[in-house]
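Residues per chain are reported as follows:
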Amino acid sequence: MVKFNCIERPLKRAYARYGRFISHHPFVFLILPVILAGGLGTGILFLEKESDTEYLFTPRNGRAVAERREVETIFDGNLQDGQLPTRLTHFGRYGRAIVVAKDNLNILKEDVFADVQRLNTEILNIVILDEKNHQVSFTDVCLMWQYECIANDIFEVFNDTNNYQDSITYPYWVSTEKNKVYFLGSAIGGVILESNTSVILSGEALQLQYFLRDDSDTNELSSDWEDAFLVLLETFQSKVVDVTRYTSHSLEQELNKASGQVFGMFTIAFTLIINFSIWSCTKLDWVQNKPWLACLGVLSAGLAILSAFGVMGFCGIPFIDVVASTPILILSIGVDDMFIMLCSWRRTNIRSSVEDRMSETLSEAALSITITSLTDALAFGVGTITQFPSVQIFCIFTGVAVLFDYFYQVTFFAAAMVLTGRREAANRHCSGCNVVLPLDEAPSTSYKIFCAGGPSRKTLNHQSEDSAHAVMLIFRNYFAPFVCHHVVKFLTILFYCVYLAFSIFGVTQIEEGLELRNIASDQSYVVPFYDYETQYFKNYGPAVAVIFDDEYEYWKPSTQNELDAVVKKFENSEYTFDDEYTSWWLRDYLDYLEILKIKDPPKDVFLHILEKEFLKFEMFQQYSLDLVFNEDTTSIKASRFYVLTRYVTNSSMETAMMNAMREIADDVDVTVYHPSFTFTDQYEAVLPNTIQNLGIAIAAMFVVALLLIPQPVCALWVTFSIISMEVGVVGLMSFWDVKLDSVSMINIILCIGFSVDFSAHIAYAFSVANGSTNNDRAKEAFYALGMPIAQGACSTLLGIVVLTSSDVYIFRTFFKTLFLVMTLGVFHSLFVLPVLLMLFTPQSCAKTELTPQVAPVTCRSLHVDVLRPDGPSPTLSHKNTMEMNCKQNIDAVLVDNDAQEPVTDTSSADGKVNPTFEEE
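Quantities reported herein were computed from a predicted structural model and do not represent experimental measurements.

Q: Any details on the packing of aromatic side chains? Residues and values, ideally.
A: For the structure shown, the criterion picks out 64 aromatic pairs. Look at Phe-183 and Tyr-540: their rings are 5.7 Å apart centre to centre, the planes differ by 80°, and that puts the pair in the edge-to-face class. With a gap of 357 residues between them, Phe-183 in strand S7 (residues 180-183) and Tyr-540 in strand S13 (residues 540-548) connect regions that are remote in the sequence. In this structure Phe-183 comes out as partly exposed when scored by relative accessible area, which is 22%. Ring geometry for Phe-577 against Tyr-647: centres 6.2 Å apart, planes inclined by 55°, an arrangement best described as tilted.

Structural data, given as structure tokens:
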């Protein structure tokens, strides 16, 4: 039969030798890792935080990013008279307030509007101090157009009419006094119009916007003004209106607060996991109890976290708030690895030497955690190729932490196991380390309850089960026969088919996109602002720019008709208003020429009147931002118009609108852009990025499983199990109010790692288990890894349960996704995967149990006579001779690659003890 263990067997032998080596030098491996972690941990001092939400949560190479560069290249040099908010290529600095009338009052009523005016006055009177303690007011930092601060149109309208309702039309109002048109669609919300007219009867909400400069000279001052703006609105009192607030860096500030909450929760999670680990290491045996070892296992994960964060600081990788959940994840992974190693230790013969037990433990457990650590690191490595910086940075932090966790498990924690093993070999109490009597020699009941422990000294052939935990025996004696029953197998397959169908249906229902309001906590002032904005101010806008970047002959009627046809294509979209709401310089200019009774002027006249007359009128001056002349003003290099979108009330409609605009633009060879497109691009990029990451990661997982799991069939079922869990997680997410976005993409990558942890452990145990049938191999696999799988799931759930109290969508999503992973992981690893392995793995792959005649010899019985109270102790020379012969035989077995796997446990599967040299 072809062998597939060409990598697995050498690794097992290497780990076995490493186990003996570390057994002789435990203090070196205990102290040096701590010193290393301390040194690397100093890098945390150099960690810098990144909070730019646009940078973190939008695709790095999104189409809108390229479009913005193009627009800025064309139009940014045309700002000599200032700038208008509608022409900005990014959102810039600003403070926004939405004022809503209480008790369904009319916000345009005089006494109610008076409070709005009072609020506006207080805002305009905000004063901050610069670094020289000079007073800085709004007029010093405001965004200007024609050397005046951009004001809120609503106050100009009311001042002009000298009343509070009569004759104000919506959404446009024309001032005959100033010969100016005011657009009120984004200023008044909840409007009720007079029947068959556009005259406003009442309104429910007003939006006030205060735009600030963000150039290098004023950016910091503008930021300080925003902070003062938030403080003022938080303390503003009114009996007739409610005020919500928002600034350009509100999301960043709120996300910072949210991550601080999670760090506090980490303390609770750390405490819960330590207590669970201690409880899991407890038996009714005060020698075999391992409370301090459990604490050191948790500390080992802590060292990995410290080292990873320090290395990131040295490497200049910025810290982001999403990474705040990494410690909980690494703690869960580390504790899971600890349980695997402890379970392997418990399966060794309790009378063997520490060297033998560590050799056997590491040859089995270390290889198992090598598979999962390598696949976890690969999963996070694949995540680094995504377009989303938030996902990339998270995967770098967590992937490096996984590798460090593996390193500290096989060094620091392994050394701690050696010292614990020495304590057990000396029959010392787990707390006070004093030598105690075994349970059967306890002089009193109280001594038996609080002190006694260790193997009995009255029997020689002490079975390895005596060191096993009771839960391990439950998995072997009760749970394994239950799962192996043919009725349970049938019900498992039936339930799995229902689960798979339900999950696939859920996948088709998943929604995409990260709502910006979900970045802040539920209690944040940001949430009601977004709610009011959606309720009152989504009917109009945003105004999308359409750019002609060629030197068209605008003075020719044929060109004018051609361009007008392009504009009408955009106006006829289901997501835009008609020509009444379009802002296009050429239409207004042609109307102007018609008033002047100039028809089809030649090029020089067309351009002269445009530059010297038309653009000088106040109501048309804004168009100077939409035109780019060549150096001698003999042609127009580029121009743009703005088409107003409508009823874009949610992320799905934002995506549909953007795609509709781009589809038209691609068809007529123009460019469309709005600053919000940089965020909307995530809705387009998240699905292909997720599929790409999943595909690459699953392929990598299969290759690793194929190389390290000795049976290819088992590697195939591991890959199938990973895909099945991913489908389940994504599908069930849709029924738990979780969308597919950059945050859930992180969780899906996490799912790959955890899915491998569950599947690979049980598949590897099955592939190396002894047994004449697949049912026997499954029972041995359950005995070996049933308990650590259950422990790992429980510890992870304890670690993330604290996130249920979080009022932040990002961290609640972590809990929901990981909860699904844990429950589905347990279901797959303890039911689905074992059943599939039993039913569909060829029986020829099963190992037959070794007979005493072919079982390789071991050296562990050399130490039995030392503990035997009534037997003769061999002389030193006799022991040396026996040990030399024993090691020669073992080395001979290890060298023979075609020989049967070495058996390091003297007890056979049926509980009988195999012969050893001493017995011979």
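Q: Could you give an account of the sheet that holds strand S8 (residues 188-189), naming the residues involved and the relevant values?
A: Here 4 strands make up an open sheet; going across it, the order is S8-S11-S1-S12 and the pairing antiparallel. Each edge of the open sheet is held by one strand with a lone partner, namely S8 and strand S12 (241-247). Pairing of S8 with strand S11 (residues 205-212), which is carried by 2 bridges, proceeds in the antiparallel orientation. When the bridges of S11 are listed, Gly-189 appears paired with Ala-205.

Q: Break down the state of the cysteines for me, with residues and values.
A: Applying the stated criterion across every chain yields a total of 1 disulfide. Covalent S-S linkage joins Cys-142 and Cys-149, the inter-sulfur distance amounting to 1.8 Å. Here the S-S torsion is close to -65°, and the disulfide linking Cys-142 with Cys-149 is therefore left-handed. For Cys-142, a relative accessible area of 0% gives the class buried. Left without a disulfide partner, Cys-433 is nearest to the cysteine sulfur of Cys-430, which lies 8.4 Å away.

Q: Lay out the confidence of the model for the protein chain with the relevant residues and their values.
A: Looking at the protein chain as a whole, its pLDDT mean stands at 83, while 88% of the residues score no less than 70. Across the protein chain, element-level confidence peaks in helix H2 (residues 26-41) with a mean pLDDT of 96 and bottoms out in helix H27 (residues 864-867) with 38. pLDDT under 50 marks residues 848-920. Its contacts with residues more than four places away, or in other chains, come to 102 contacts.

Q: Quick rundown of the packing of helix H15 (residues 470-484) against helix H26 (residues 809-840)? Include the residues and the values.
A: At a minimum axis distance of 10 Å, the contact between H15 and H26 shows a crossing angle of 65°. Taken together, the axes of H15 and H26 lie roughly perpendicular to each other. The element H15 and its partner H26 pack so that their crossing is right-handed. Each of Phe-475, Phe-479, Phe-482, Val-483 and Cys-484 in H15 lies in contact with H26, whose residues at this interface are Leu-830, Phe-831, Val-835 and Met-838. The residue inventory of the contact of H15 with H26, partitioned by class, reads 9 nonpolar, no polar and no charged.

Q: Before we move on, could you go through the sheet that holds strand S16 (residues 671-673) and cite the residues and values that matter?
A: The strand order S14-S15-S13-S16 describes an open sheet built from 4 strands, whose pairing is antiparallel. Each edge of the open sheet carries a strand with a single partner, namely strand S14 (627-629) and S16. If you compare each strand with its neighbour and ignore which way they point, the axes differ by 20° on average. For S13 and S16, the ladder comprises 3 bridges, and the chain directions are antiparallel.

Q: Tell me about the side chain of Thr-386, and name the residues and values.
A: In this fold, Thr-386 is placed in the loop between helix H12 (354-383) and helix H13 (389-425). The exposure class of Thr-386 is buried, given its relative accessible area of 0%.

Q: Kindly report on H12, identifying the contributing residues and their values.
A: With 30 residues, H12 extends 41 Å from end C-alpha to end C-alpha; this agrees with the ideal 44 Å at 1.5 Å per step. Buried residues dominate H12, accounting for 25 of its 30 residues.

Q: How would you summarise the nonpolar core if you had to cite specific residues and measurements?
A: Counting 224 residues, the largest nonpolar core has Trp-225 and Phe-814 as its most contacted members. For Trp-225, the contacting residues outside a window of four places in its chain are Ile-123, Ile-126, Ile-128, Phe-138, Val-141, Tyr-210 and Leu-212.

Q: Got a sec to walk through helix H16 (residues 486-508)? Specific residues and values, please.
A: Each α-helix winds once per 3.6 residues, and so residues spaced three or four apart point in a common direction. Between its terminal C-alpha atoms H16 stretches 34 Å, which fits the 33 Å expected from 23 residues at 1.5 Å a residue. If you check which residues of H16 are buried, you get Val-488, Lys-489, Thr-492, Tyr-496, Tyr-499, Ser-503 and Gly-506. Contact partners of the buried residues in H16: H15, helix H23 (712-733), helix H25 (774-800) and H26.

Q: Give a description of the pairing of S13 that names residues and reports values.
A: Summarising burial for S13: 7 of the 9 residues are buried, a large majority. Relative to strand S15 (residues 636-646), S13 is paired through 7 bridges, and the arrangement is antiparallel. If you follow Val-544 over to S15, its bridge partner there is Val-643.

Q: Explain the pattern of salt bridges residue by residue, including any values.
A: Taken as a whole and judged by the stated rule, the model has 27 salt bridges. Between Arg-93 and Glu-226 there is a salt bridge, with its nearest N and O atoms 3.1 Å apart. Here the residue Arg-93 occupies a position in strand S1 (residues 93-101), and Glu-226 occupies one in helix H8 (residues 219-235), the gap between them amounting to 133 residues. As far as burial versus exposure is concerned, Arg-93 and Glu-226 are alike and both buried.

Q: Account for the environment of Cys-751, naming residues and giving values.
A: Relative to the helices and strands, Cys-751 resides in helix H24 (residues 742-768). Sequence separation between Cys-751 and Gly-825 is 74 residues, and the spatial gap between their C-alpha atoms is 9.3 Å. Once residues lying within four places of it in the same chain are set aside, the contact partners of Cys-751 are Glu-726, Val-729, Thr-817 and Val-821.

Q: I'd love a proper account of the packing of H24 against H26, names of residues and values included.
A: At a minimum axis distance of 9 Å, the contact between H24 and H26 shows a crossing angle of 25°. Here H24 lies roughly parallel to H26, going by the angle between them. Both H24 and H26 take part in a crossing whose hand is right-handed. Residue classes in the contact of H24 with H26 are distributed as 19 nonpolar, 7 polar and no charged.

Q: So what's going on with the side chain of Thr-576? Which residues, and what values?
A: Along the chain, Thr-576 falls in the loop between helix H18 (557-571) and helix H19 (585-595). Overall, Thr-576 belongs to the buried group, its relative accessible area being 2%. From its side chain, Thr-576 meets the backbone oxygen of Phe-570 in a polar contact 2.6 Å long. One polar contact links the side chain of Thr-576 to the main-chain carbonyl oxygen of Ser-573, over a distance of 3.3 Å. Leave out the neighbours within four places in its chain, and Thr-576 touches Phe-570, Glu-571, Val-643, Leu-644, Thr-645, Arg-646 and Met-661.

Q: Give me the pairing of S12: which residues, what numbers.
A: With 6 of 7 residues buried, S12 is to be regarded as a mostly interior element. Examined bridge by bridge, S1 and S12 share 7 bridges and lie antiparallel to one another. Bridge pairing in S12 places Gly-95 opposite Thr-247.

Q: Tell me about unusual backbone geometry, residues and numbers included.
A: Cis rather than trans, the peptide bond between Tyr-170 and Pro-171 has omega equal to 5°. Note that Pro-171 resides in the loop between helix H7 (153-161) and strand S6 (172-175). For the peptide bond that leads from Gly-541 to Pro-542, omega is 5°, which places it in the cis range. Inspection of the secondary structure assignment puts Pro-542 in strand S13. Even without being glycine, Asp-103 reaches a positive phi, approximately 55°. For Asp-103, the position within the fold is in the loop between S1 and helix H5 (110-124). You will see that Thr-633, though not glycine, has its phi angle at about 55°, which is positive. Looking at Thr-633, the relative accessible area reads 23%, which means it is partly exposed.

Quick notes on the rules
Residues numbered from 1 in each chain as written. Predicted model: local features only at pLDDT ≥ 70, side-chain atom pairs only at ≥ 80, totals over all residues. Heavy atoms only, no water. Phe/Tyr/Trp six-rings, centres within 6.5 Å; stacked < 30°, edge-to-face > 60°. Helix = DSSP H or I, 4+ residues; strand = E, 2+ residues; numbered from the N terminus. Buried < 20%, exposed > 50% of the residue type's maximum accessible area, 1.4 Å probe, protein only. Pairing = 2+ DSSP bridges. Disulfide = S-S within 2.5 Å. pLDDT = per-residue confidence, 0-100. Contact = heavy atoms within 4.5 Å. Axes fitted to C-alpha atoms, helices over the stretch in contact; angles between N-to-C directions. Parallel < 35°, antiparallel > 145°, perpendicular 65-115°, else oblique. Left-handed = near helix turned anticlockwise from the far one by under 90°. Nonpolar A, V, L, I, M, F, W, Y, C, P; charged D, E, K, R; others polar. Expected span 1.5 Å × (residues − 1). Core = buried A, V, L, I, M, F, W, Y, C linked by side-chain atoms within 4.5 Å. Salt bridge = Lys/Arg side-chain N within 4 Å of Asp/Glu carboxyl O. Polar contact = N/O pair within 3.5 Å; in protein donor to acceptor, adjacent residues only side chain to side chain.

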